[in-house]
Amino acid sequence: QVQLVESGGGLVQAGGSLRLSCAASGRTFSSYDLGWFRQAPGKEREFVAAISWTGRTLYADSVKGRFTVSRDNARNTVYLQMNSLKPEDTAVYYCAKSRRNIAVVSEAYDYWGQGTHVTVSS
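For every chain, the first residue of its written sequence is number 1, and the numbers climb from 1 along that sequence. Local features are withheld for residues below a pLDDT of 70 in this predicted model, meaning they are given only at 70 or higher, and side-chain atom pairs are given and counted only at 80 or more; totals for whole chains, interfaces and linings count all residues. No hydrogens and no water enter the side-chain calculation; it runs on all heavy atoms of the structure.

**Considering the overall build of the chain**
Phase 1: The secondary structure listing takes helices from DSSP runs of H or I that are at least 4 residues long and strands from runs of E that are at least 2 residues long, numbered from the N terminus. In terms of regular secondary structure, the chain is built from zero helices and eleven strands.
Phase 2: Secondary structure elements of the chain occur, N-terminal to C-terminal, as β-β-β-β-β-β-β-β-β-β-β.
Phase 3: Here the radius of gyration uses the C-alpha set of atoms, whereas the globule reference equals 2.2 Å times the residue count to the power 0.38. Whereas a compact globule of 122 residues would reach a radius of gyration of roughly 14 Å, the chain reaches 13 Å, a difference of no more than 12%.
Phase 4: Dimensions of the chain, computed from C-alpha atoms along their principal axes, come out at roughly 40 × 30 × 25 Å.
Phase 5: When a residue's accessible area, from a 1.4 Å probe over protein chains only, is under 20% of the maximum for its type it is buried; when over 50% it is exposed; and in between it is partly exposed. Going through the 122 residues of the chain one by one, you find that 45% of them count as buried.
Phase 6: Residues are treated as being in contact if the distance between any of their heavy atoms lies within 4.5 Å. Counting only contacts in the chain whose residues sit at least 6 apart along the sequence, the fraction spanning at least 24 positions is 57%.
Phase 7: Accessible area for the chain stands at about 6500 Å²; split by element, carbon and sulfur atoms hold 46% of it.
Phase 8: Counting rule applied: Lys, Arg positive; Asp, Glu negative; His and chain ends not counted. A charge is said to be at NZ when it belongs to Lys, at CZ for Arg, at CG for Asp and at CD for Glu. A distance of 5 Å separates the average location of the 14 positive side-chain charges in the chain from that of its 10 negative side-chain charges. Accessibility throughout is a Shrake-Rupley quantity obtained with a 1.4 Å probe, and a residue counts as covered only by protein chains that appear here.

Structure (structure tokens):
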């Protein structure tokens, strides 16, 4: 069983920044591929960013150039640095562990955190 705990969400004005953290269990964290997804009420969950155990990254077009995903294997933590936030970034953000490789579809991930809420005001 892998446990993931997100933190760092909150309320921020448009143009501001937040850094989300996801702490993961397990001594094999360094081998995990991790992804970030978000979901607004009434909308489908959508891919945001992901990072492989080798450091390879993927980004949704909607966040490319504004968000940065990174990891600190010594702390078993993955981060999502969010800059130039927009109201449309408002959602619950989830981190997840991939079954195998980083991917843009949620079905590729087998463990999920509880989510952390991000609200961006205009």
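**Details of the side chain of Ser21**
Phase 1: Of note, Ser21 is situated in strand β3 (residues 18-24).
Phase 2: Aside from chain neighbours lying at most four places away, what touches Ser21 is Val5, Glu6, Ser7, Trp36, Thr77, Val78 and Tyr79.

**Structural notes on the pattern of salt bridges**
Phase 1: For this analysis, a salt bridge means a side-chain nitrogen from Lys or Arg found within 4 Å of a carboxyl oxygen belonging to Asp or Glu. Under the counting rule described, the total for this entry stands at six salt bridges.
Phase 2: Across the salt bridge formed by Asp89 and Arg38, the nearest N and O atoms sit 2.8 Å from each other. Of this pair, Asp89 sits in the loop between β8 (77-82) and β9 (91-98) while Arg38 sits in strand β4 (residues 34-39), and the two are 51 residues apart along the sequence. Taken individually, Asp89 and Arg38 each receive the classification buried, so the pair is uniform in this respect.
Phase 3: Note that Asp110 and Lys97 form a salt bridge whose closest N and O atoms lie 3.5 Å from each other. Of the two residues, Asp110 sits in strand β10 (residues 109-112) while Lys97 sits in strand β9, which places them 13 residues apart along the sequence.
Phase 4: In this structure Asp110 comes out as partly exposed when scored by relative accessible area, which is 28%.
Phase 5: One network of salt bridges, with partners in common, ties together Arg38, Glu46, Arg66 and Asp89.

**Concerning the sheet that holds β8**
Phase 1: With respect to topology, four strands assemble into an open sheet ordered β1-β3-β8-β7, the strand pairing being antiparallel. Two strands lie at the open edges of the sheet, namely β1 (4-7) and β7 (67-72), each paired on one side alone. Shown here is a sheet whose adjacent strand axes are inclined to one another by a mean of 15°, direction ignored.
Phase 2: Of the pairings in the sheet, the one linking β1 to β3 comprises four bridges and is antiparallel in character. Among the inter-strand pairings, Leu4 is bridged to a residue of β3, identified as Ala24. Two strands pair under a simple rule: DSSP has to find at least two bridges between them. Comment: axis = line fitted to C-alpha atoms, over the contacting stretch for helices; angle = value between 0 and 180 degrees taken between N-to-C directions.

**Remarks on the state of the cysteines**
Phase 1: Our working definition of a disulfide is a cysteine sulfur pair at a distance within 2.5 Å. Per the stated rule, a full pass over the model turns up one disulfide.
Phase 2: Here Cys22 engages in a disulfide with Cys95; their sulfurs sit 1.9 Å apart. Classification of the bridge connecting Cys22 and Cys95 rests on its S-S torsion, roughly 55°, and on that basis the disulfide is right-handed. Of the two residues, Cys22 is situated in strand β3 and Cys95 in strand β9; the sequence distance between them amounts to 73 residues.
Phase 3: With a relative accessible area of 0%, Cys22 lands in the buried category.

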